[in-house]
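If you want the building blocks of each chain, they are given just below.
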Amino acid sequence: QPQQPQQPQQPQQPQQQQQPRYHHLNNKTTDTTTTTTTTTTTTATTSTDNRLLAQDLLGDVLVAVSVTAALAPTLTSIDQALVQRAAGTHTLTQSATESLSYMIRQPWQYLKSPTFLWMWCTYAATYGAANVCQTLQAENQVRRRRTRKQQQQQQQ
């Protein structure tokens, strides 16, 4: 019986480890034979990284805006209750009850009120900035590691 030629075996892929949040920034370039191929791979990876970074940053801002929109009514009623209590015009319970009833009776008026908007914008900006800074810091660390790794591969 004639034997069929054996096809070359595909190299086995290494087992994937659990990936961190920024797994898209940990792309490993494969061994390449020419500098041109390496440059093309790096450019494609950078383009993908930038697109994914933009998505992460947008997500950071959207989370900050939506979470603070949900929390701002509670924070404004607490703030108002503390101010009215300090002024001696209301107890904490009276002020919280009045604030809650106003929010329920006239929700659109409440959402347009300066009290709500200032509280929402202040907290959204604070948490949005914190989230964005954390994402950029993590991205910077990953890119530094990748650059060091590429430099080591070029030296070899």
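Predicted, not measured: the structure shown is a model, and the values here were computed from it.

> Got a minute to help me understand the overall build of the protein chain in this structure?
A count of helical and extended segments in the protein chain gives four helices and zero strands. Tracing the protein chain from N to C terminus, the helices and strands come up as α-α-α-α. Residue burial in the protein chain is summarised as follows: out of 156 residues, 20% are buried. Contacts in the protein chain between residues at least 24 apart in sequence constitute 74% of all its contacts with a sequence separation of at least 6.

> Which parts of the structure should I look at to understand a nonpolar patch on the surface?
On the surface, Val63, Val67 and Leu71 cluster together into a nonpolar patch covering about 240 Å² of accessible area. The residue leucine 71 is located in helix α1 (residues 35-87) in this model.

> What is the right way to read the nonpolar core from this model?
Proteins that are soluble and globular tend to have nonpolar side chains buried together. Formed by Ala72, Met103, Tyr110, Phe116 and Met119, the largest nonpolar core amounts to five residues. Beyond its immediate chain neighbours, meaning those up to four positions away, alanine 72 contacts Tyr110, Phe116, Met119 and Trp120.

> I'm lost on the packing of aromatic side chains in this one. Help?
Any pair of aromatic rings gets described here by the distance separating the centres and the angle formed by the planes. Enumeration over the complete set of coordinates arrives at four aromatic pairs. Taken together, a centroid distance of 6.3 Å and an interplanar angle of 80 degrees make the contact between tyrosine 102 and tyrosine 110 edge-to-face. Judged by its relative accessible area of 8%, tyrosine 110 falls in the buried class. Where tyrosine 110 meets phenylalanine 116, the ring centres are 5.3 Å apart and the plane angle is 55 degrees; that geometry is what we call tilted.

> Honestly, helix α2 (residues 92-105) in this entry has me stumped. Any pointers?
Structural remark: α-helix, 3.6 residues per turn; residues separated by three or four positions point the same way. With 14 residues, α2 extends 20 Å between its outermost C-alpha atoms, agreeing within 8% with the 20 Å of an ideal straight helix rising 1.5 Å per residue. Those residues of α2 lying buried are Ser95, Ser99 and Met103. Summarising the axial view, the buried residues of α2 lie within an arc of 70 degrees, below the 170-degree limit, and thus occupy one face. Along α2, the residues that are exposed and aim more than 90 degrees away from the buried face are Thr93, Thr97, Ile104 and Arg105.

> Honestly, the environment of isoleucine 78 in this entry has me stumped. Any pointers?
With respect to the helices, strands and loops of the structure, isoleucine 78 is situated in helix α1. Isoleucine 78 sits in the partly exposed class, given a relative accessible area of 45%. C-alpha separation for the pair isoleucine 78 and threonine 93, spaced 15 residues apart in sequence, amounts to 10.0 Å.

> Can you help me understand the confidence of the model for the protein chain in this one?
Considering every residue of the protein chain, the mean pLDDT works out to 78; 70% of them sit at 70 or more. No element of the protein chain has a lower mean pLDDT than α1, at 80, and none a higher one than helix α3 (residues 107-111), at 93. Every residue in residues 13-41 is under pLDDT 50, and counting partners more than four places away or in other chains gives 26 contacts.

Rules used in this analysis
- Residues numbered from 1 in each chain as written.
- Predicted model: local features only at pLDDT ≥ 70, side-chain atom pairs only at ≥ 80, totals over all residues.
- Heavy atoms only, no water.
- Helix = DSSP H or I, 4+ residues; strand = E, 2+ residues; numbered from the N terminus.
- Buried < 20%, exposed > 50% of the residue type's maximum accessible area, 1.4 Å probe, protein only.
- Contact = heavy atoms within 4.5 Å.
- Patch = residues over 30% accessible without salt bridge, like charges linked within 9 Å, V, L, I, M, F, W, Y side chains within 5 Å.
- Areas by Shrake-Rupley, 256 points an atom, 1.4 Å probe, with all protein chains shown as cover.
- Salt bridge = Lys/Arg side-chain N within 4 Å of Asp/Glu carboxyl O.
- Core = buried A, V, L, I, M, F, W, Y, C linked by side-chain atoms within 4.5 Å.
- Phe/Tyr/Trp six-rings, centres within 6.5 Å; stacked < 30°, edge-to-face > 60°.
- Expected span 1.5 Å × (residues − 1).
- Arc of directions from axis to C-beta.
- pLDDT = per-residue confidence, 0-100.

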